[in-house]
Amino acid sequence: QVQLVESGGGLVQPGGSLRLSCAASGSIFSLYDMRWYRQAPGKQREYVASISSTGTTYYAISVKGRFTVSRDNANLTMYLQMNSLEPEDTAVYYCNADVKTIGTVKPSSFWGQGTQVTVSS
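Residues numbered from 1 in each chain as written. Predicted model: local features only at pLDDT ≥ 70, side-chain atom pairs only at ≥ 80, totals over all residues. Heavy atoms only, no water.

Student: Can you walk me through the pattern of salt bridges in this structure?
Tutor: Side chains bearing opposite charge may pair, as long as their charged atoms lie close to each other. Counting across every chain of the model gives five salt bridges. Residues D98 and R35 are paired through a salt bridge, measuring 2.6 Å at the closest nitrogen-oxygen approach. Remark: R35 occurs in strand β4 (residues 28–39) and D98 occurs in strand β9 (residues 91–101); sequence separation between them is 63 residues. Just as D98 is buried, R35 falls in that class too. E86 is the partner of R66 in a salt bridge, and the nearest nitrogen-oxygen pair spans 3.9 Å. (Salt bridge = Lys/Arg side-chain N within 4 Å of Asp/Glu carboxyl O. Helix = DSSP H or I, 4+ residues; strand = E, 2+ residues; numbered from the N terminus. Buried < 20%, exposed > 50% of the residue type's maximum accessible area, 1.4 Å probe, protein only.)

Student: I would appreciate a short explanation of the packing of aromatic side chains in the present structure.
Tutor: Given two aromatic rings, their pairing is described by the distance between the two centres and the angle made by the two planes. One pass over the full model with this rule turns up two aromatic pairs. Geometrically, the ring pair formed by Y37 and Y47 is edge-to-face, given 5.9 Å between the ring centres and 80° between the ring planes. With Y37 in strand β4 and Y47 in strand β5 (residues 46–51), this pair connects stretches of sequence that are ten residues apart. Consider the rings of Y37 and W111, whose centres lie 5.1 Å apart with planes at 50°: the pair is tilted. (Phe/Tyr/Trp six-rings, centres within 6.5 Å; stacked < 30°, edge-to-face > 60°.)

Student: Can you help me understand the environment of V92 in this one?
Tutor: Following the sequence through the fold, V92 ends up in strand β9. Each C-alpha atom of the pair V92 and S50 lies 16 Å from the other, and the pair is 42 residues apart in sequence. Apart from the residues within four sequence positions on either side, V92 is in contact with Y37, R38, Q39, G114, T115 and Q116. (Contact = heavy atoms within 4.5 Å.)

Student: Where do I start with the state of the cysteines in this structure?
Tutor: Disulfides are covalent bonds that link the sulfur atoms of two cysteine residues. For the structure shown, the criterion picks out one disulfide. There is a disulfide in this structure between C22 and C95, and the S-S distance comes to 1.9 Å. On the S-S bond that ties C22 to C95, the torsion sits near -65°, and the link is left-handed. Of this pair, C22 sits in strand β3 (residues 18–26) while C95 sits in strand β9, and the two are 73 residues apart along the sequence. Classification of C95 by relative accessible area gives buried; the value is 0%. (Disulfide = S-S within 2.5 Å.)

Structure follows, in structure tokens:
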């Protein structure tokens, strides 16, 4: 199967920066679109940013200009550089990816376990 492992979360002061990573591993034939979502306490999970296999990026309005998504296809890893963090960015951040596994015809969607980001003074 496929594993997505997020890392890089933590506690940061308002205005600070963090860089999240999402490493994919397992029976991967092709890695397609990758996305970041987040879920704050008591709220629904929301879309943050995405990047295609060719590097096309999209962002939620709330993070555009502050967050940058990138990927390293050779190492099957996606990143989220988060700058000018605000208390409203506090959430568990999840990685999501469309993956074609070895021996299958269509890609499937996989999720990581999440990493906590807390923005507080």
